[in-house]
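# Notes for the structure review
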Amino acid sequence: MTDTTPLKPHLAAGPFSDASQLQAAREQAFAQTMDLVFERHPYYRERLAELGLKRSDFASLSDLPRVPLTSKADYMAAPERFVLESQGLPLEMQTVWDTMYTTGSTAGRPTPFVSTSYDFFNTLELQRSMLLLRGVTPQDLIANLFPLTPTPHGAWIRVLHAAASLNIPVVCAMPGNPSPYFGLGNALDEVVALVGRSQATILWGVPSYIQRTLLRAAELGQRWPKVRKVFVTGEALAESARTQMQQALQGVGAASAQISISYGATEMQGGMVECTPGSGLHNPLPAQLLIEVVDPASGQPLPDGQTGAVVLTHLNRRGTVLLRYALGDLSVRSLSPCPACGAVTDRLVQTPSRHDALLKVKGMLVHPQALIDHLDSRLAARPYLLSVQHVQPGQPLSGDRLLLQLEGEGDAATQADLAARIKAACGVTPEVEFVPSAALAPSGAGWKAKKFIDRRGAP
Ligand SMILES: [Zn+2]
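Given the structure is predicted, the values throughout are model-derived calculations rather than measurements.

The rules we used
- Residues numbered from 1 in each chain as written.
- Predicted model: local features only at pLDDT ≥ 70, side-chain atom pairs only at ≥ 80, totals over all residues.
- Heavy atoms only, no water.
- Helix = DSSP H or I, 4+ residues; strand = E, 2+ residues; numbered from the N terminus.
- Rg over C-alpha atoms; globule rule 2.2 N^0.38 Å.
- Buried < 20%, exposed > 50% of the residue type's maximum accessible area, 1.4 Å probe, protein only.
- Lys, Arg positive; Asp, Glu negative; His and termini not counted.
- Charge placed at Lys NZ, Arg CZ, Asp CG, Glu CD.
- Core = buried A, V, L, I, M, F, W, Y, C linked by side-chain atoms within 4.5 Å.
- Donors = N, O, S within 2.8 Å, 3.2 Å for Na, K, Ca; no water.
- Tetrahedral: all angles 85-135°; square planar, octahedral: opposite > 155°, others 65-115°.
- Arc of directions from axis to C-beta.
- Contact = heavy atoms within 4.5 Å.

### Side note on the overall build of the protein chain
Helices and strands together make up the secondary structure of the protein chain, namely 12 helices and 21 strands. The C-alpha radius of gyration computed for the protein chain amounts to 23 Å, which stays within 12% of the reference 23 Å derived for 459 residues, consistent with globular compactness. With the C-alpha coordinates aligned to their principal axes, the bounding extent of the protein chain is approximately 70 × 55 × 45 Å. Looking at the 459 residues of the protein chain, the share that counts as buried comes to 51%. Where the 40 positive side-chain charges of the protein chain centre and where its 40 negative ones centre are 3 Å apart.

Shown next, in the form of structure tokens:
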């Protein structure tokens, strides 16, 4: 029989000031989750049974490492098997409120992440905690600079929900056009005008687009002195890029605005945020989300201070539930109180860097090997090279460019066909370029010809 006793509300929201309180809240949530997993989770119920593990093998959180790591590939292969069987649970735990999609895809198919009403209300708590950690007040007004996308990823719509959770206004600038079937969306100059009119105090979006908006606003002579915070997510932001954005803010009269980084994931329905620049990425709802840093090979937890794979466990969800899910990044965790704000929660104190086979290109997770397999079957032995680079080399905020170079005579039909195939396979449209024969030959003796190169360097 599942225990559905509500978590104590004061323990369910936000970070903690005391490590023993956090531990107690996590133990209560973990016990409920493991009851649900053994009764109702199609994937883990089977996986744990295969390993001979029973509910009684999970007496406390210290037993969590008995669960093997879940990879993105495991989840993508059968996402419906990660949704709890909800019959008989309270209404808010069985009603699907919304489904978001991870951008990752091995075959152009986004992966659904299902939230029940119960999960959605927790997401509101998560979003509110993120805003409070970032120092948002009731006087703030958010300009939402995320685009609408053909599949919901959680970025655009969760900004609205974040504003709702703290009862503050938001203006959606609606950049770009999500679909040729509609007339929605604004060009850059319209977005600039909208932000100017809105008197926004917070700009929220992906860093490359915010940078374009700031540079264009400065060109148009706009002054945005009320902007006091810039929330960035979706792409890595190196320190050099942060400096460039700070200069661009100066160009619109907002030199003192603070850039706040978030490490977000659809699987969190939000992100880990800084309270002040350089303070580390705080888990905003530690009673509900658990972050481990583990040895990527063995899956065993590493002590705080060591670099390893970042792993997420849902402690309090009823739709899609993931245990020990490898987010695909390396970082270092600290559980000591934040020196800046005092919060006791998981903090990633090193900028996460990708270590698995998936890469982010133009905000989409791309699986290079899947593209190579696809191109190999289409092009046979004709040499090609697929690469990712910054639009302006060395300028991370200029955005990404996916380039397919192909040896031999070119024609428009082949160019269009290959661009369409890659777009269908990964969601990103490449530029296709024809180069002379042997131009892509390996440059050193015995080198294997590379078919994919990421030229963007470490974030
Ligand atoms: Zn802090």
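Moving on from the model shown.
### Considerations on the nonpolar core
Counting 89 residues, the largest nonpolar core has Leu48, Leu203, Leu214, Trp224, Val230, Met245 and Leu249 as its most contacted members. For this core, the leading source of residues is helix H2 (residues 19-40), giving 6 residues. Core analysis: the next-biggest nonpolar cluster, separate from the first, contains 21 residues, Val361, Leu418, Ala425 and Val432 among them.

### Considerations on the coordination of the zinc ion
Coordination sphere of the zinc ion, protein contribution only: Cys275 (SG), His282 (NE2), Cys338 (SG) and Cys341 (SG), at 2.1 to 2.3 Å. Considering all 4 donor atoms around the zinc ion, angles at the metal cover 101 to 114° and the coordination shape is tetrahedral. Site description for the zinc ion: donor spacing in sequence, C-x6-H-x55-C-x2-C. Judged by relative accessible area, which is 3%, Cys338 ranks as buried.

### Description of helix H8 (residues 188-198)
Note: α-helices contain 3.6 residues per turn, so residues at a spacing of three or four share the same orientation. By the burial criterion, the buried members of H8 are Leu188, Val191, Val192, Val195 and Ser198. What you see down the axis of H8 is that its buried residues fit within an arc of 135°, all on one side. In this structure, the buried side of H8 is in contact with strand E3 (142-144), strand E4 (170-172), strand E5 (202-205) and helix H9 (207-219).

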